[in-house]
Structures are given as structure tokens and as C-alpha cells.
Amino acid sequence: MDDFKIINDVVEVFNNLNDKDAATFFEQGQPVNYTYQKLYRDVNLLANGLKAKQIEGERVAIFSPNHYEWIVAAFGVLRAGGMLVPIDVQTDKETLQHILSDSGVQFIFTTLDQEEQVRGLNTNGFEYRLIDDDLPDEKKEYSWKNMMSEDAQDFSKLTSDHNAILFYTSGTTGRPKGVPLTHGQIMFQVRTLRQQRL
């Protein structure tokens, strides 16, 4: 990892870890394991679809509780060259509106539980997709699965200088402010944590 320059370098490692567990989440009270092989495949399917939508350089939010689909969406956005805007699902309506407006988000991944809140704040004309596994028939057109694609895309043009994530501060001294981080800055942090064995 010491020579990794962008987050896509990390994603490529997933492919070599095959059936090792990447994540475990509790679903309906039962642990469900997701392998690196599945994660690699799902991230690439989503990244292919996002790249085909030309989201490179665009800001893409995730407004959802933490679960497997969140991880896939985050890595998919980053792999496709988008700038990830993670938003805490407990964010109040006023703060959410500020973040969406201030960041210039063009696309949002969310869940059925948050859909009404997101649609009510859509003043920028952004698109959204629902990352829920099971959706009622009338919501299936909004499923993120519709944008996943087998058509392989070229992800090689990303550099360490490309923006990766736009974090918003907690806003303790006023409105939250966006703090951008590049792929290179994030990989520097990852290398530092590895060196410290954290």
C-alpha cells in the first residue's frame, strides 16, 4: 500500500482477496458476511454505470445509514472519478439543505426511509437512486441496480490530485463548511495509519 496513489489502487486489491470477508453487517438480527470478491464486483458494476453517466468531477452524495450498500456506493463514486459527499443520516433538515446547496451535488444515493426528505429538498435538480435491496414495485425505477453496468470503463485517468471527498464540518461555530480532500491526501492518511499499525 505504500506505493498506492489513489483509492482505485485499494479497490484493485479487493480482487486479490477473493472470498475473504470484507464486511459483516447485521440484517434482521443475523450477521451477513460480504466477501471482497463480491465487493469488487459490485463496486465495478456501479462505477461502470456512474462513469457512463459522466460523473467524473461531479459531487455525489450518500445520505444513508451505514450498511454494505453504503460501502459499494462510496467506492463506486470514487472509482468513477466522482467527488463523494458523505452526509450523516441524522443531519437535520436545515443542515441537509445547506450541504446539498453549498456542495452543488448532482446525484444522491439514499434509502427509501430518507427519500421523502431528499425529494423535498431537491432545489438543485439532482438525480437520486435508492440503494435499498428490496423496493416496492412503484419505486423500482429509482433503484441503483438500474444503473449498474457490465460495460467496462477506463478508470486509469485519475491522479492523486483529483478531488475525492468533500467532508462537511459539524458546524459548531456556524454553518458547516465543506473540506475537500484529494485521492493523494486520503492515501497519505491510510499510509500513516498503516505505519502506526492502527
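Quick notes on the rules
- Residues numbered from 1 in each chain as written.
- Predicted model: local features only at pLDDT ≥ 70, side-chain atom pairs only at ≥ 80, totals over all residues.
- Heavy atoms only, no water.
- Helix = DSSP H or I, 4+ residues; strand = E, 2+ residues; numbered from the N terminus.
- Buried < 20%, exposed > 50% of the residue type's maximum accessible area, 1.4 Å probe, protein only.
- Right-handed = clockwise from strand over helix to strand, strands pointing away.
- Salt bridge = Lys/Arg side-chain N within 4 Å of Asp/Glu carboxyl O.
- Arc of directions from axis to C-beta.
- Contact = heavy atoms within 4.5 Å.
- Phe/Tyr/Trp six-rings, centres within 6.5 Å; stacked < 30°, edge-to-face > 60°.

Asker: Help me understand the environment of Phe-26 in this model?
Answerer: Within the secondary structure, Phe-26 sits in strand S1 (residues 21-27). Look at Phe-26 and you get exposed, because its relative accessible area is 62%. The spatial distance from the C-alpha of Phe-26 to the C-alpha of His-183 is 30 Å, given a sequence separation of 157 residues.

Asker: In this structure, what is going on with the pairing of strand S4 (residues 83-87)? I would like to understand it.
Answerer: Consecutive side chains along a regular strand alternate between the two faces of the sheet. Burial runs high along S4: five of the five residues are buried. Residues Met-83, Val-85 and Ile-87 line one face of S4 and the alternating positions Leu-84 and Pro-86 line the opposite face, and both faces are buried. The β-α-β motif built from strand S3 (residues 59-63), the intervening helix H3 (residues 68-79) and the parallel element S4 has right-handed crossover chirality.

Asker: So what exactly am I meant to see when it comes to the pattern of salt bridges here?
Answerer: Here the idea is simple: oppositely charged side chains can pair when their charged atoms come close. Tallied over the entire structure, the rule returns nine salt bridges. Put simply, Lys-53 and Glu-127 hold a salt bridge, and the shortest N to O gap is 3.1 Å. Within this pair, whereas Lys-53 is found in the loop between helix H2 (36-52) and S3, its partner Glu-127 is found in strand S6 (residues 127-130), the two being separated by 74 residues in sequence. Judged by its relative accessible area of 35%, Lys-53 is partly exposed. A salt bridge links Asp-133 to Lys-145; the nearest nitrogen and oxygen atoms lie 3.1 Å apart. One end of the pair, Asp-133, is in the loop between S6 and strand S7 (163-168); the other, Lys-145, is in the loop between S6 and S7, with twelve residues separating them in the sequence. Salt bridges sharing partners connect three or more residues here, namely Lys-53, Glu-127 and Arg-129.

Asker: Can you walk me through helix H1 (residues 7-14) in this structure?
Answerer: Think of an α-helix as turning once every 3.6 residues; residues three or four places apart then point the same way. Those residues of H1 not exposed but buried are Ile-7, Asn-8, Val-10, Val-11 and Phe-14. Buried residues of H1 fall within an arc of 150° about the axis and therefore sit on the same side. Where the residues of H1 are buried, they touch H2, H3, S7 and helix H6 (183-195).

Asker: I would appreciate a short explanation of the packing of aromatic side chains in the present structure.
Answerer: Aromatic rings considered in pairs are described by the distance between their centres and by the relative angle of their planes. All told, the structure shown has seven aromatic pairs when counted by the stated rule. Aromatic pair Phe-14 and Tyr-36: ring centres 5.4 Å apart, planes at 45°, arrangement tilted. Of this pair, Phe-14 sits in helix H1 while Tyr-36 sits in helix H2; the two residues are 22 residues apart in sequence, bridging distant segments of the chain. Accessibility assignment for this pair places Phe-14 and Tyr-36 in one class, buried. Both rings, one in Phe-14 and one in Phe-75, keep their centres 5.2 Å apart while their planes meet at 85°; by these two values the pair is edge-to-face. Of this pair, Phe-14 sits in helix H1 while Phe-75 sits in helix H3, placing them 61 residues apart in sequence. For Phe-14, a relative accessible area of 7% puts it in the buried group. Following the ring pairs from residue to residue traces out a cluster consisting of Phe-14, Tyr-36 and Phe-75.

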